[in-house]
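# Chain and residue survey
Here is what each chain is made of, one letter per residue.
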Amino acid sequence: MALTLEIVTPEARVYSDTIDTVVIPTVQGEIGILAGHIPLLTQVEYGELRVTKGGVETRLAVGKGFAQVEGDVVSVLAEHAITESKIDEAVVEEALKRAEQTLRFTKPEDFEYERLQNMVNFIGAQLALKRRGR
Amino acid sequence: MASTRDIRRRIKSVKNTRQITKAMELVAASKMKKAQQAALAGRAYTQLMAKMLARLGPRIAEVKHPFLDQREIKTRGILLITTDKGLCGPLNANLFKHVVEVRSPAKFFSIGRKGSQFLARTKRDLVAEFTVSDRLAFAEVKPVVELMVKAYLEGQIDTIEVIYPRFKNTLVQEPTVRPVLPLTSLGEFIANAQREAGDVTTTEDNRDMVFEPSAQEVLEALIPFYVNRHIYQLVVSARASEHSARMVAMKTAKDNATKLLGDLTLEYNKARQAAITAEILEIAAAQFASV
């Protein structure tokens, strides 16, 4: 029996397919999910999400969010998500530099701070994923 | 009767106006399409979130959260979503009617220049104003929500309400006051979320759900997330309303101009004919006199 995975962000439905297994980064560490998993609702952390389908592994960088497993349907609700092939390292590095620059002038109590921190985290996750892929 | 030259001048100016309103109608139409698509793109996300909240529903009794507390309402916190630009029919004026009806002490937050101007003019307590770009990003709405939530948690305001033009369809936009916080009863709130997200189908799986790290923690993370999302959705809806209202207003203006143009052309032709007739009469009279 196959699992169905859908990854949804505010902008679009990033991924929707039947898969074999998925490994999700959560606040309590990575969890691997196979068909027949018990119902689960958990918080997703910044990191890489690995999907295996027919022996081929696809990796995605995901942002904060939630994941739900129910009846062989895995739904991931994340603020951001991007597949590895779509990450452009040059663009991402540039963005990281800019975000860190701004972050330095922002105090932790500013409301911008959290957003920037989130951005830096997500960019970090993207870079880690891209570099490991080589 | 006005001279033919005066009428010609008026025809020219009405033609110009028609051209401008026509162009604006087309621009508004294309923007409306985009705004509606944006609203649709976010739909899957909201649906999924409602589904998750629904699953948490039965476990709610165990959870305490400041967003769920019903406090005595001393100061209302109201977010007014208006447009930056005018020429969109009665859209903003209808919203202001709702603002005027607010009699109890309230602090206002505003998205859109028109609303900020109105609040300043009527000397209401405007805490902060924001402008968002046309291609609305989630990150642009977040500071607004964060500021309001902060004020709410600190007790400066006791509710968070949103006054916005709800997008019903292209012709109808309904000025609506939508309470966001506190979430008086979560059951009601979930039902609301589900209704908004449309059809929420739950899959057949009646084994007990496991929450990691715990139901309390998941809910604590999920609720602020939902509030963010909810307000974003309202702004998107307001955006769609704005462009549809502008399109309709511009279409009416264009139609009026066309009608006026017809009337003016008729009047012009009459005047021209009258002038010609008068001229012929004059020539004929002169001839008779010289015979």
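This one's a predicted model, so the numbers in the text were calculated from it and none came from an experiment.

## Topic: the interface of chain B and chain A
Across the boundary between the two partners, chain B contributes 30 residues, which contact 35 residues of chain A. Between chain B and chain A, a total of about 3000 Å² is buried, with carbon and sulfur atoms accounting for 64% of that surface. In terms of surface lost to chain A, no three residues of chain B exceed Tyr45(B), Met52(B) and Glu212(B), which account for 20% of the buried area on that side. On inspection of chain B and its partner chain A, the count reaches 1 salt bridge. Linking chain B with chain A are 3 residue pairs in polar contact (both at pLDDT 80 or more). Broken down by secondary-structure element, the contributors of at least two residues to the side of chain B that touches chain A are α2 (43-56), α5 (138-153), β6 (210-212) and α7 (215-290) of chain B. Ranked by residues supplied to the side of chain B that touches chain A, first place goes to α2(B) with 8 residues. As defined by bridge partners, strand β5 (residues 40-44) of chain A adjoins β6(B) across 3 bridges and the pair is classed as parallel. When the sheet's bridge partners are listed, Leu40(A) is paired in β6(B) with Val210(B).

## Examining unusual backbone geometry
Of note, the phi angle at Asp72(A) is positive, near 65 degrees, even though the residue is not glycine. Relative to the assigned elements, Asp72(A) resides in the loop between β8 (65-70) and β9 (73-78). For Asp72(A), a relative accessible area of 12% puts it in the buried group. One non-glycine residue, Leu87(B), adopts positive backbone phi at about 55 degrees. Considering the arrangement of structural elements, one finds Leu87(B) in the loop between β1 (76-81) and α3 (91-100). Accessibility expressed as a relative area gives 55% for Leu87(B), which makes it exposed.

## Thoughts on the domain arrangement of chain A
Residue and element names in this part refer to chain A. Assigned domains within chain A: domain 1 (3-84) and domain 2 (87-132). Between domain 1 and domain 2, the C-alpha centre-to-centre distance is 22 Å. Taken together, the 15 residues of domain 1 in the interface contact 9 residues of domain 2. Taking both sides of the interface into account, the surface hidden between domain 1 and domain 2 amounts to around 1100 Å²; carbon and sulfur atoms contribute 59%. At the junction of domain 1 and domain 2, the tally comes to 0 salt bridges. The interface formed by domain 1 and domain 2 includes 0 residue pairs in polar contact (both at pLDDT 80 or more). Of all the elements in the fold, those that place two or more residues in the side of domain 1 that touches domain 2 are β6 (47-53), β7 (56-62) and β10 (81-83). Tallying contributions element by element places β7 first for the side of domain 1 that touches domain 2, with 4 residues. Of the residues contributing to the side of domain 1 that touches domain 2, the split by class is 6 nonpolar, 4 polar and 5 charged.

Definitions and limits used
Residues numbered from 1 in each chain as written. Chains lettered and ligands numbered in written order. Predicted model: local features only at pLDDT ≥ 70, side-chain atom pairs only at ≥ 80, totals over all residues. Heavy atoms only, no water. Contact = heavy atoms within 4.5 Å. Buried area = accessible area lost by both parts, 1.4 Å probe. Salt bridge = Lys/Arg side-chain N within 4 Å of Asp/Glu carboxyl O. Polar contact = N/O pair within 3.5 Å; in protein donor to acceptor, adjacent residues only side chain to side chain. Helix = DSSP H or I, 4+ residues; strand = E, 2+ residues; numbered from the N terminus. Pairing = 2+ DSSP bridges. Buried < 20%, exposed > 50% of the residue type's maximum accessible area, 1.4 Å probe, protein only. Domains from an automatic or database assignment. Nonpolar A, V, L, I, M, F, W, Y, C, P; charged D, E, K, R; others polar.

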